[in-house]
Amino acid sequence: MPRPRFRRLSPAKRQRIMEAAAREFAAHGYDNASLNQILQDAAISKGAAYYYFDDKADLFATTVSFYAAELLDVTDLALSDLDAHNFWPSLATVYTRQMHHFENIPWAFGAIKAAWRIPQATFESQPALQKLVSEIHSRLHDILQRGQELGAIRTDLPLDLLAELFIAIDDATDRWLLANWQDLPGQELQSTVHGVLQG
């Protein structure tokens, strides 16, 4: 977690640091991201960086958590409102809402996705990342379980396996969307999302 000094920065300066970090992590992943490039883009010195963060892993965890909080807000889904008819359309709507939220800042979404591909040792050393991923997995399990209760999702496979399959499809879709984001008009973005979920 970032040191208290980071939270005392002005919102504009925090945003600048987070954006610089997100752009670099999204473009190169955790392993290949350059801390020096992040610091240069954020216009802070290495000394200042260690004044705010313990190390690169701490900066990464802070960046992912910063933008994932937005993601969790825009993808909130009231499970009690779902029924057999609106289950998949509701998921498509949430997914589209997520895409719209990050439409002008795809690098923020890319940084979040980079968290799924970090080395296990790095992940295990970051309680903030573990908590975040655990929360996302828990939400997914709740959604899939609700789908099973409604008869919208098969029940002949273990829930954990269904979750892994869903994550794999979601990750492949997100990678494709990130690679083609700039070339997709809004309407095509929506139709692609609906097509994946309906398939």
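You'll find the structure just up there.
Presented here is a report on the structure given in the accompanying data block. Position labels on residues start from 1 in each chain and follow its written sequence. For a predicted model such as this one, the threshold for reporting local features is a pLDDT of at least 70, and the threshold for listing and counting side-chain atom pairs is 80 or more; totals across whole chains, interfaces and linings nevertheless cover every residue. Water and hydrogen atoms were dropped before computing side-chain values, which therefore reflect all heavy atoms in the structure.

So, the overall build of the protein
Short version of the rule: A helix here means a DSSP run of H or I that spans at least four residues, while a strand means a run of E at least two residues long, and both kinds are numbered starting from the N terminus. Radius of gyration: C-alpha atoms only; globule rule: 2.2 Å multiplied by the number of residues to the exponent 0.38. Exposure is judged per residue with a 1.4 Å probe applied to protein chains only, and the accessible area is read against the type maximum: over 50% gives exposed, under 20% gives buried, and values in between give partly exposed. Throughout, a contact is declared for two residues whenever any of their heavy atoms are within 4.5 Å. Using a 1.4 Å probe, accessible areas were evaluated by the Shrake-Rupley method; residue-level cover was limited to the displayed protein chains. In this tally, Lys and Arg are treated as positive and Asp and Glu as negative; His is ignored, and so are the chain termini. Charged side chains are reduced to one point each, which is NZ for Lys, CZ for Arg, CG for Asp and CD for Glu.
Within the protein, the regular secondary structure consists of 11 helices and 0 strands. Mapped in sequence order, the helices and strands of the protein form the string α-α-α-α-α-α-α-α-α-α-α. Computed over the C-alpha atoms, the radius of gyration of the protein is 18 Å, within 12% of the 16 Å expected from 2.2 N^0.38 for a compact globule of 199 residues. The buried share of the protein, reckoned over its 199 residues, is 43%. Across the protein, the fraction of contacts at a sequence separation of at least 24, relative to all contacts at a separation of at least 6, is 68%. Of the roughly 10500 Å² of accessible surface on the protein, 52% is carried by carbon and sulfur atoms. Charge centroids of the protein, computed over 18 positive and 25 negative side chains, lie 10 Å from each other.

Considering helix α5 (residues 56-74)
Where we set the bar: Any helix carries an expected span of 1.5 Å times its number of residues minus one. N or O atoms closer than or at 3.5 Å make up a polar contact, with two conditions inside protein: a donor-capable atom paired with an acceptor-capable one, and, for residues adjacent in sequence, both atoms drawn from side chains.
For α5, with 19 residues, the first-to-last C-alpha span of 28 Å sits near the 27 Å given by 1.5 Å per residue. Of all the 19 residues making up α5, 14 are buried; the element is thus mostly covered by neighbouring parts of the structure. The distance from a side-chain oxygen at the start of α5 to the backbone nitrogen of A57 is 3.2 Å, and the residue carrying that oxygen is D55.

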